[in-house]
Amino acid sequence: MDRRIPKKGDIYRHFKGRKYRILDIAVCTETGEDMVVFETAEGTRRVFASFLETFLSPLDTAKYPHAEQKYRFELCRDTKDSDLLRLKRHGNTTTLILEFLDLNDNEERIQFLQKHQAEIDSRFLTAASESLEFAENSDTVEERYAALMRFLKTKSRYESRRLR
């Protein structure tokens, strides 16, 4: 195999366009072959594993004649620094989640959510909701965000009245 072995943290683009971040190289317990463990770099977080040989294999141009890549996965060389910062933020413990968990009251949480609305994703909403013991029942990120905001505003309103 003449291609570079993926390294932890590298971003690879699948020939269908999605980007993936390398988590590690593992060994298959059944065959002893090297495997690439990677996660989605955009959207809902999902973790995958693929045999290294398959991961680095050339694309079947007969099956996919209109594909623009030569290989199934190719190292992203066009990833901007801002993209890398955003991808790091979506790691196992995001900066946003940690900042949110450090907030002291609901008013601060509401302001934080408003300030960072464009950066909030599904994983953040799940962690924030669980930390507040809020049961989510919406599907889209936008609906979940709106429901969490309503919950915090209601909680803030009633808790502040109790203290008076």
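Residues numbered from 1 in each chain as written. Predicted model: local features only at pLDDT ≥ 70, side-chain atom pairs only at ≥ 80, totals over all residues. Heavy atoms only, no water.

A few points about the packing of aromatic side chains
And step 1. In this structure the tally under the stated criterion is 13 aromatic pairs.
And step 2. When the centroid spacing of 6.0 Å and the interplanar angle of 85° are considered together, the rings of Tyr 20 and Phe 48 count as edge-to-face. With Tyr 20 in strand β2 (residues 19-27) and Phe 48 in strand β4 (residues 47-51), this residue pair connects regions lying 28 residues apart in the sequence.
And step 3. Among the residues examined, Tyr 20 registers a relative accessible area of 10% and is labelled buried.
And step 4. Here the aromatic cluster, defined as three or more aromatic residues joined through ring pairs, consists of Tyr 12, Tyr 20, Phe 38, Phe 48, Phe 55 and Phe 73. (Phe/Tyr/Trp six-rings, centres within 6.5 Å; stacked < 30°, edge-to-face > 60°. Helix = DSSP H or I, 4+ residues; strand = E, 2+ residues; numbered from the N terminus. Buried < 20%, exposed > 50% of the residue type's maximum accessible area, 1.4 Å probe, protein only.)

Points about the side chain of Ser 156
And step 1. Summarising the element assignment, Ser 156 is placed in helix α6 (residues 141-163).
And step 2. For Ser 156, a relative accessible area of 10% gives the class buried.
And step 3. If we skip the residues at most four places from it in the chain, Ser 156 touches Asn 106, Glu 107 and Ile 110. (Contact = heavy atoms within 4.5 Å.)

Some words on the nonpolar core
And step 1. Within the largest apolar cluster, 18 residues are counted, with the highest numbers of intra-cluster contacts made by Phe 100, Leu 113, Phe 124 and Leu 148.
And step 2. No other element matches the 5 residues that α6 contributes to this core.
And step 3. Apart from the residues within four sequence positions on either side, Leu 148 is in contact with Leu 113, Leu 125, Ala 128, Ser 129, Leu 132 and Phe 134.
And step 4. Counting 9 residues, the second-largest nonpolar core is a separate cluster that includes Ile 22, Phe 38, Phe 55 and Leu 56. (Core = buried A, V, L, I, M, F, W, Y, C linked by side-chain atoms within 4.5 Å.)

Things to note about the side chain of Asp 10
And step 1. Considering the arrangement of structural elements, one finds Asp 10 in the segment before β1 (11-14).
And step 2. Note on Asp 10: relative accessible area 14%, which makes it buried.
And step 3. Only 2.9 Å separates the side chain of Asp 10 from the backbone nitrogen of Lys 7, close enough to count as a polar contact. (Polar contact = N/O pair within 3.5 Å; in protein donor to acceptor, adjacent residues only side chain to side chain.)

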